[in-house]
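Residue-level listing of the chains:
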Amino acid sequence: MSRLCVYLLIPVLSDLVFAIQFHLPVNSEKCLQDNIRENALVIGEYEVSQQPETKTRLQITGAFGFMLYTKNNATKGKFSFTADNQDQYYICFYSRSPVGSGSVPDQLVKLNMKQDVEAKNYKEIEKVEKLTPLEAKLRRIERLSQSIADGYVYMKKRGKEMQQTNASTNTRVLYLSIISMSSLSALAVWQALYLRRFFKAKKLID
């Protein structure tokens, strides 16, 4: 049974909405990886072309394996979930068939996802809050602007964390280099003294 894993990284600031389609070979798996902010709503719609004797499973998990959504015999449907914490999540499609690879054509997978602001149903909000179309558009623009600002703050925070990690790593590498050089120098001095005593004992040198 062949196994194929593909991870596609989606930029944080462009992950509000995306649509993608790809081919899924039989007896393989393909995964999408994306970042999600805390309390962000994610909704998605998928469609998988059917092939004889082939079953497809859809599984969405967090970075630590926490199950967010799973569907056996996935052909067409929708899913939604809300992130409790800021995390990465993985959307994986698994194709399984008793027929060997190459005997069954690849499946075509179509996936549409919306996150955060784009995932909200503004028509329902407009109806519940009795907003005019203009007010609804302004509300959407306001939340989209806030989402972009939050994304900028998140990226800035991540950049600062990476700088701190790089500085810490550089310091540790420097200390390790100093310790390694000191150990090698001490070993070279000990070896030279040992050889000097050995040659004197053998009366090869004065």
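Thresholds, definitions, all that
Residues numbered from 1 in each chain as written. Predicted model: local features only at pLDDT ≥ 70, side-chain atom pairs only at ≥ 80, totals over all residues. Heavy atoms only, no water. Helix = DSSP H or I, 4+ residues; strand = E, 2+ residues; numbered from the N terminus. Buried < 20%, exposed > 50% of the residue type's maximum accessible area, 1.4 Å probe, protein only. Contact = heavy atoms within 4.5 Å. Areas by Shrake-Rupley, 256 points an atom, 1.4 Å probe, with all protein chains shown as cover. Pairing = 2+ DSSP bridges. pLDDT = per-residue confidence, 0-100.

### A short note on the overall build of the chain
And step 1. Secondary structure assignment for the chain yields two helices and nine strands.
And step 2. In sequence order, the secondary structure elements of the chain are arranged as β-β-β-β-β-β-β-β-β-α-α.
And step 3. Within the span of the chain, comprising 206 residues, buried residues form 31% of the whole.
And step 4. A fraction of 77% describes how many contacts in the chain between residues 6 or more apart in sequence connect residues 24 or more apart.
And step 5. In the structure as shown, the chain presents an accessible area of about 14100 Å², 57% of it carried by carbon and sulfur atoms.

### With respect to the pairing of strand 7 (residues 76–82)
And step 1. The side-chain alternation of strand 7 yields one buried face, formed by Gly77, Phe79 and Phe81, and one unburied face, formed by Lys76, Lys78, Ser80 and Thr82.
And step 2. In this sheet, strand 7 lies alongside strand 4 (residues 41–48) in antiparallel orientation, the contact comprising seven bridges. From the neighbouring strand, leucine 41 faces strand 7, where its bridge partner is threonine 82.

### Examining the confidence of the model for the chain
And step 1. Confidence in the prediction of the chain, expressed as mean pLDDT, is 79, and 83% of residues score 70 or more.
And step 2. The low-confidence segment residues 1–16 (pLDDT under 50) makes 47 contacts with residues lying over four places distant or belonging to another chain.

### Considerations on unusual backbone geometry
And step 1. With a phi close to 55°, asparagine 27 is a non-glycine residue in the positive phi region.
And step 2. Within the secondary structure, asparagine 27 sits in the loop between strand 2 (17–24) and strand 3 (29–36).
And step 3. For asparagine 73, which is not glycine, the phi dihedral falls at a positive 50°.
And step 4. Positionally, asparagine 73 belongs in the loop between strand 6 (67–71) and strand 7.
And step 5. The class of asparagine 73 is partly exposed, set by a relative accessible area of 45%.

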